[in-house]
Amino acid sequence: MTNLQIFLDIATEAALAAGVILQDYLGKVEDAITEKGRPGDLVTAADKASEKVILEIINRHFPQHSILAEESGKLGNQASEYLWAIDPLDGTTNYAHQYPCFAVSIGLFIQGVPQVGVIYDPFHNELFRAAAGLGATRNRRPIKVSQTSELNKSLLTSGFAYDRRETSDNNYAEFCHLTHLTQGVRRGGSASLDLAYVACGRVDGYWERGIAPWDVAAGIILVQEAGGKVTAYDGGDFQIDSGRILATNGYIHNVLSQELLQVPPLSAW
């Protein structure tokens, strides 16, 4: 068994354990919701309990690895070439409202490169997994990106960051512009599931700004191993700390990149 397979299996163990906790807390968190500085940026008791079990499992198996977790920040050996990026509950606002679009996301970077990713949607019992060179799966069956090759026949997904009220660079114009050019743009509220859906062909592309490393760490390798493409908005190399991502089936990547770069401001509409 390769190291990547071992990492993938441990990440799966952690994601499934966290998923059980999220299911147990669902509908019971009304009195345990707080905001993390910005309006709408929520944290629940479920986030914290989910992260705790993930950290326990990762630390038990890999005590010398580095960790970047949404609720706990940087942990472990920061000099390690292995970095686990963990979102214990991606889609907390959805979860708090019992809207069924949320997931556990666990990704592993090795020397700064995404190598392993697991995304688990406990509400629908969908487990997405990938590792470099090992392919991508949904519930243990191989998945591939769609073959849609024309933007006007595509279905896209995107989202809006918590700072959308504080900046004009809030993705509103891009969302409207691309809604006109495609069969539709969906806003699910979970970046990890957006990427998982690109990987399995449910949507043809995804873009977003204001994202954190733990939002997309697992989804990047899923899309790549499913045959898709992940870059910066301009088609250049994706930078994990940039806050911006473009992921597609590959066929519509260039034209979607071009449209994102020439979106007129809302004031011009």
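To be clear, the structure that these remarks concern was listed above.
Residues numbered from 1 in each chain as written. Predicted model: local features only at pLDDT ≥ 70, side-chain atom pairs only at ≥ 80, totals over all residues. Heavy atoms only, no water.

A. Representation of helix α4 (residues 172–181) in the model. Along α4, the positions that sit buried rather than exposed are A173, E174, F175, H177 and L178. Buried residues along α4 sit in contact with β11 (155–157), β12 (184–186), β13 (205–209) and α7 (253–261). (Buried < 20%, exposed > 50% of the residue type's maximum accessible area, 1.4 Å probe, protein only. Helix = DSSP H or I, 4+ residues; strand = E, 2+ residues; numbered from the N terminus. Contact = heavy atoms within 4.5 Å.)

B. Summary view of unusual backbone geometry. Its identity as a non-glycine residue notwithstanding, Q111 has a phi of 55°, on the positive side. Structurally, Q111 can be placed in the loop between β6 (103–110) and β7 (113–121). Non-glycine residue R140 carries a positive phi angle of around 75°. Within the secondary structure layout, R140 lies in the loop between β9 (135–138) and β10 (141–142).

C. Quick look at the side chain of D204. Along the chain, the position of D204 falls in the loop between α5 (191–199) and β13. One polar contact links D204 to T148, side chain to side chain, over a distance of 3.0 Å. Not counting chain neighbours up to four residues away, the residues in contact with D204 comprise S146, T148, K153, S154, L155, L156, T248, N249 and I252. (Polar contact = N/O pair within 3.5 Å; in protein donor to acceptor, adjacent residues only side chain to side chain.)

D. A look at the packing of aromatic side chains. If you walk through the whole model with that rule in mind, you get 9 aromatic pairs. Taking the centre distance of 4.9 Å and the plane angle of 90° together, the rings of Y95 and F102 count as edge-to-face. An identical accessibility class is assigned to Y95 and F102; each is buried. Ring plane angle 45° and centroid distance 5.3 Å describe the contact between F160 and F175, whose orientation is recorded as tilted. Taken together, the residues F160 in the loop between β11 and α4 and F175 in helix α4 connect sequence positions 15 residues apart. Using a relative accessible area of 17% as the deciding quantity, one classes F160 as buried. Judged by its relative accessible area of 17%, F175 is buried. Through successive ring pairs, a cluster of aromatic residues spans F7, F62, Y82 and W84. (Phe/Tyr/Trp six-rings, centres within 6.5 Å; stacked < 30°, edge-to-face > 60°.)

E. Just the pairing of strand β5 (residues 82–90), in detail. Most of β5 sits out of view: 8 of its 9 residues are buried. Sheet topology note: the strand β3 (residues 66–69)/β5 ladder contains 4 bridges and is parallel. Directly across from I67, in β5, lies its bridge partner W84. The pairing of β5 with β6 spans 7 bridges and is antiparallel. Bridge assignment links L83 to a residue of β6, and that residue is F109. (Pairing = 2+ DSSP bridges.)

F. Broad picture of the pairing of strand β15 (residues 244–248). Counting buried residues in β15 gives 4 out of 5 residues, a clear majority hidden from the surface. In terms of strand pairing, strand β14 (residues 229–231) meets β15 through 3 bridges, oriented antiparallel. When the bridges of β15 are listed, K229 appears paired with T248.

G. How the structure looks around the layout of surface pockets. By volume, the second largest pocket amounts to about 160 Å³. What lines the second largest pocket is simply Y99, P100, C101, T157, R186, R187, G188, D194, Y197 and V203. Counted by class, the lining of the second largest pocket contains 5 nonpolar, 2 polar and 3 charged residues. (1 Å grid on protein atoms, 1.4 Å probe; cavity = no way out; pocket = protein on both sides within 12 Å on 5 of 7 lines; lining within 4 Å. Points joined across faces, edges and corners; volume = space filled by probe spheres on them. Nonpolar A, V, L, I, M, F, W, Y, C, P; charged D, E, K, R; others polar.)

H. Main features of the packing of α4 against α7. Put simply, α4 and α7 touch, their axes get as near as 10 Å, and they point 135° apart. By the angle between their axes, α4 is oblique relative to α7. In the crossing of α4 with α7, the sense of the turn from one axis to the other is right-handed. Across the interface between the two elements, E174, H177, L178 and L181 of α4 pack against L256, E259 and L260 of α7. Of the residues contributing to the contact of α4 with α7, the split by class is 4 nonpolar, 1 polar and 2 charged. (Axes fitted to C-alpha atoms, helices over the stretch in contact; angles between N-to-C directions. Parallel < 35°, antiparallel > 145°, perpendicular 65-115°, else oblique. Left-handed = near helix turned anticlockwise from the far one by under 90°.)

I. Spatial organisation of helix α2 (residues 45–61). Across its 17 residues, α2 extends 25 Å between first and last C-alpha, which sits within 8% of the 24 Å expected from 1.5 Å per residue. Among all positions in α2, only A46, D47, A49, S50, E51, V53, I54, L55, I57 and I58 are buried. (Expected span 1.5 Å × (residues − 1).)

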